[in-house]
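Close look at the chain arrangement
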Amino acid sequence: MDRRFANATTYYIELNDRGLMEYGEEDLIQIMEGDSIIFHLNSSSPIISKCLLLINLPNLKQEETYHKVTKPIVPLKRRSVGRNSKSDIREQLVSIDPIFKPFGAVEFEVHFSVAGSFFYQIEYFDHDLDELNVSHPDWIVVSPYLATARSTFAVEALSVQTMLSRCLGKVKDWPKAVEAQVKLSYNAIHLLPIQKYGTSGNMYSIKDQLSVDDWYFDSPKMSAEERIAQVKEVINEISEEQEVVFFIDIVLNHTATNSEWLLHHPESAYNLHNSPHLTVAWEFDNFLAEFSKAYAKKGVPECPNAPYVANKADLQAVMKALKRRVKSMSLYQYFMYDKESVRTQFEEVLETMDEDELAKLKAVEVNAVNYICLLYTSPSPRDLSTSRMPSSACKKKKKK
């Protein structure tokens, strides 16, 4: 028997006529991994006809609940309000068949053998619509049990210490480095990312998400598989000998500029092609970078003490030099537009749209005479004859 489920509990709850648990909108139901819930629908419920319970649990074999104690469930935290599910996710949900009870009531028993955030909905035949419908989703959080070789911890029992991964040294030295934290009564260690870092060296700027950085090994020639195997081996050793649970940040969406993956998929990152509204930010950042280079090479005449800032006078000189240069960039042009040109472009766009497209944009009625809507970005940030404003906005024109 899995010791995580030794104290598993079965909760019982009656659903209201909308298929929801009768708690406030801000409540959230939280149970433990291995627990079960019996959902009960009264015979008078308007959603009982041909009903099924749909839930986004992994489609695993329902395991036995070892210690059944049926009792009311208690709301613990906040919950969010969801929407009805769409047909395109229907096939991703597990269907739980009803258990028919006396007097026409039905029940659904769901065993939560894995931790996570789950939602359920009741699918039923809606006699008003004369078709199948689904109730609004309700959410359940299933907290995990975390195990070492000899102990099992609930999340609330953890005392977590966050450690900078590189400060622990090589992977083989981690057991000794963690020992001091264990003596301080920590039973969980949280490490920052150990994936292969990019040129910046920042632990949250990842070059290769599928490998561990060279920093943690004596031999840089180790394969990605060998590195991960050694990390697992050392963590298991610490878990067995020191009774410590390990957490490591797995960073998948923080990508370094020298990532090979990013070179093949540049559209995955922000750039001036897919995000032209960032043009002004790019121009300003580029200016600051060039100014910094010039300052480091003593190329700012107003700052005689460059490349140093030793006192208040030096700082004021830098600020004065920056302000003068920023003013000459004419960034105010990003907030100007050619009124007649923009109005003409906007009217042309509207003329090409059909009713469905306008409805999607919620453009029920647009008066191009009274309102000027800015829906474009200038292709050239240096073209002073056209607008440089990158945002979508509307300004009301004064009536004559």
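Reading guide: rules and limits
- Residues numbered from 1 in each chain as written.
- Predicted model: local features only at pLDDT ≥ 70, side-chain atom pairs only at ≥ 80, totals over all residues.
- Heavy atoms only, no water.
- Axes fitted to C-alpha atoms, helices over the stretch in contact; angles between N-to-C directions.
- Helix = DSSP H or I, 4+ residues; strand = E, 2+ residues; numbered from the N terminus.
- Parallel < 35°, antiparallel > 145°, perpendicular 65-115°, else oblique.
- Left-handed = near helix turned anticlockwise from the far one by under 90°.
- Contact = heavy atoms within 4.5 Å.
- 1 Å grid on protein atoms, 1.4 Å probe; cavity = no way out; pocket = protein on both sides within 12 Å on 5 of 7 lines; lining within 4 Å.
- Points joined across faces, edges and corners; volume = space filled by probe spheres on them.
- Nonpolar A, V, L, I, M, F, W, Y, C, P; charged D, E, K, R; others polar.
- Pairing = 2+ DSSP bridges.
- Salt bridge = Lys/Arg side-chain N within 4 Å of Asp/Glu carboxyl O.
- Buried < 20%, exposed > 50% of the residue type's maximum accessible area, 1.4 Å probe, protein only.
- Patch = residues over 30% accessible without salt bridge, like charges linked within 9 Å, V, L, I, M, F, W, Y side chains within 5 Å.
- Areas by Shrake-Rupley, 256 points an atom, 1.4 Å probe, with all protein chains shown as cover.

**A look at the packing of helix H4 (residues 279-296) against helix H5 (residues 312-328)**
Their axes nearest at 12 Å, the elements H4 and H5 cross at an angle of 135°. When the axis of H4 is compared with that of H5, the two are oblique. The element H4 and its partner H5 pack so that their crossing is right-handed. Facing H4, whose interface residues are Phe-284, Phe-287, Leu-288, Phe-291 and Tyr-295, H5 presents Val-318, Ala-321, Leu-322, Arg-325 and Val-326.

**Comments concerning the layout of surface pockets**
In this structure, the largest pocket encloses a volume near 220 Å³. Within the residue set of the lining of the largest pocket, elements represented by two or more residues are strand S18 (206-212) and helix H2 (224-242). By residue class, the composition of the lining of the largest pocket is 9 nonpolar, 3 polar and 1 charged. In this structure, the second largest pocket occupies an estimated 160 Å³ of space. Contributing to the lining of the second largest pocket are Asn-253, Thr-255, Ala-256, Thr-257, Trp-261, Leu-262, Ser-268, Ala-269 and Tyr-270. Here the lining of the second largest pocket is built from residues that sort into 5 nonpolar, 4 polar and no charged.

**Some thoughts on the sheet that holds strand S16 (residues 188-191)**
Reading across the sheet, the 3 strands line up as S15-S16-S19 and stay open at both edges, with parallel pairing between neighbours. Of all the strands in the sheet, just strand S15 (160-163) and strand S19 (245-248) have a single pairing partner and so form its edges. Across the sheet, the mean angle from the axis of one strand to that of its neighbour is 20°, orientation sign disregarded. Taken together, the 4 bridges between S16 and S19 define a ladder with parallel strand orientation. Across the sheet, residue Leu-191 finds its bridge partner in S19, namely Ile-248.

**As for the pattern of salt bridges**
The final tally for this structure, using the stated rule, is 11 salt bridges. For Asp-218, the salt bridge goes to Lys-172, with nearest N and O atoms at 3.9 Å. In this pair, Asp-218 sits in the loop between S18 and H2 while Lys-172 sits in the loop between S15 and helix H1 (174-183), placing the two residues 46 residues apart along the sequence. Exposure remark for Asp-218: the relative accessible area of 56% places this residue in the exposed category. For the salt bridge of Glu-340 with Arg-343, the shortest nitrogen-to-oxygen distance reads 2.8 Å. With a gap of 3 residues between them, Glu-340 and Arg-343 both fall in helix H6 (residues 339-352), about one helical turn apart. The class of Arg-343 is buried, set by a relative accessible area of 17%.

**Considerations on a nonpolar patch on the surface**
Together, Val-309, Leu-315 and Met-319 make up a nonpolar patch on the protein surface, roughly 260 Å² of accessible area in all. Mapped onto the elements of the fold, Val-309 is located in the loop between H4 and H5.

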